[in-house]
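# Coordinate analysis (summary)
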Amino acid sequence: MAARAPVKATSSLFQKLQKWYYNAAGFNKYGLMRDDTLYEDNDVKEAVRRLPENLYNERIFRMKRAFDLSMKHQILPKERWTKYEQDVHYLEPYLKEVICERKEKEEWNKK
């Protein structure tokens with residue numbers, strides 16, 4: 001029983017650190033999600049291309065709004081910031097699929 005307490009405390013501390021870093025990054029103040037801020041290499045571009053239309057449109061809206069706010073030197077009201085708990089990694093499954101396909105293709109081309 002005593003061994004479980006430090007693990008829980010450590011995970012709680014780690015989660016607090018994650019939330020702090022999420023807010024310190026600042027993209028949530030513009031209404032962006034973590035996946036909106038990924039560097040757009042070829043894999044990310046392909047994953048974005050594979051997004052369903054509604055997710056793609058939501059992404060574009062968030063990015064245009066963030067750009068507009070940035071140009072005006074403004075941020076969203078605090079109640080409209082993206083919260084750590086609300087941030088969905090919507091691009092991750094598509095990105096994993098693209099990376100897996102690319103690696104598989106590279107393996108195939110080596111043979």
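Located above this text is the structure these notes cover.
Residues numbered from 1 in each chain as written. Predicted model: local features only at pLDDT ≥ 70, side-chain atom pairs only at ≥ 80, totals over all residues. Heavy atoms only, no water.

Before going further, it helps to spend a moment on helix H2 (residues 42-49). The set of residues buried in H2 consists of Asp43, Val44, Ala47 and Val48. Buried residues in H2, looked at end-on, bunch into an arc of 135 degrees, giving them a common side. The exposed set on the far side of H2, more than 90 degrees from its buried face, consists of Asn42 and Arg49. Check the buried side of H2 and you find it contacts helix H3 (53-71) and helix H4 (92-110). (Buried < 20%, exposed > 50% of the residue type's maximum accessible area, 1.4 Å probe, protein only. Helix = DSSP H or I, 4+ residues; strand = E, 2+ residues; numbered from the N terminus. Arc of directions from axis to C-beta. Contact = heavy atoms within 4.5 Å.)

Ranked by size, the top nonpolar core spans nine residues in total: Met33, Val44, Ala47, Val48, Leu51, Tyr90, Leu91, Leu95 and Val98. Elements represented by at least two residues in this core include exactly H2 and H4. Sort the elements by how many residues they give to this core and H2 lands first, with three residues. Other than its neighbours up to four places away in sequence, Val48 contacts Tyr56, Arg59 and Leu91. (Core = buried A, V, L, I, M, F, W, Y, C linked by side-chain atoms within 4.5 Å.)

Across all of its chains, the model carries 14 salt bridges by this definition. Salt-bridge contacts for Lys19 lead to Glu85; the nearest nitrogen and oxygen are separated by 2.9 Å. Here Glu85 lies in the loop between H3 and H4 and Lys19 lies in helix H1 (residues 4-25), a separation of 66 residues in the sequence. The exposure class of Lys19 is partly exposed, given its relative accessible area of 30%. Overall, the relative accessible area of 55% leaves Glu85 in the exposed class. With a closest N to O distance of 2.9 Å, Glu40 and Arg59 form a salt bridge. With a gap of 19 residues between them, Glu40 in the loop between H1 and H2 and Arg59 in helix H3 connect regions that are remote in the sequence. Residue classification places Glu40 among the partly exposed residues on the basis of a relative accessible area of 36%. Given the relative accessible area of 1%, Arg59 is considered buried. Within this structure, Glu46, Arg49, Arg50, Glu97 and Glu101 form a network of salt bridges that share partners. (Salt bridge = Lys/Arg side-chain N within 4 Å of Asp/Glu carboxyl O.)

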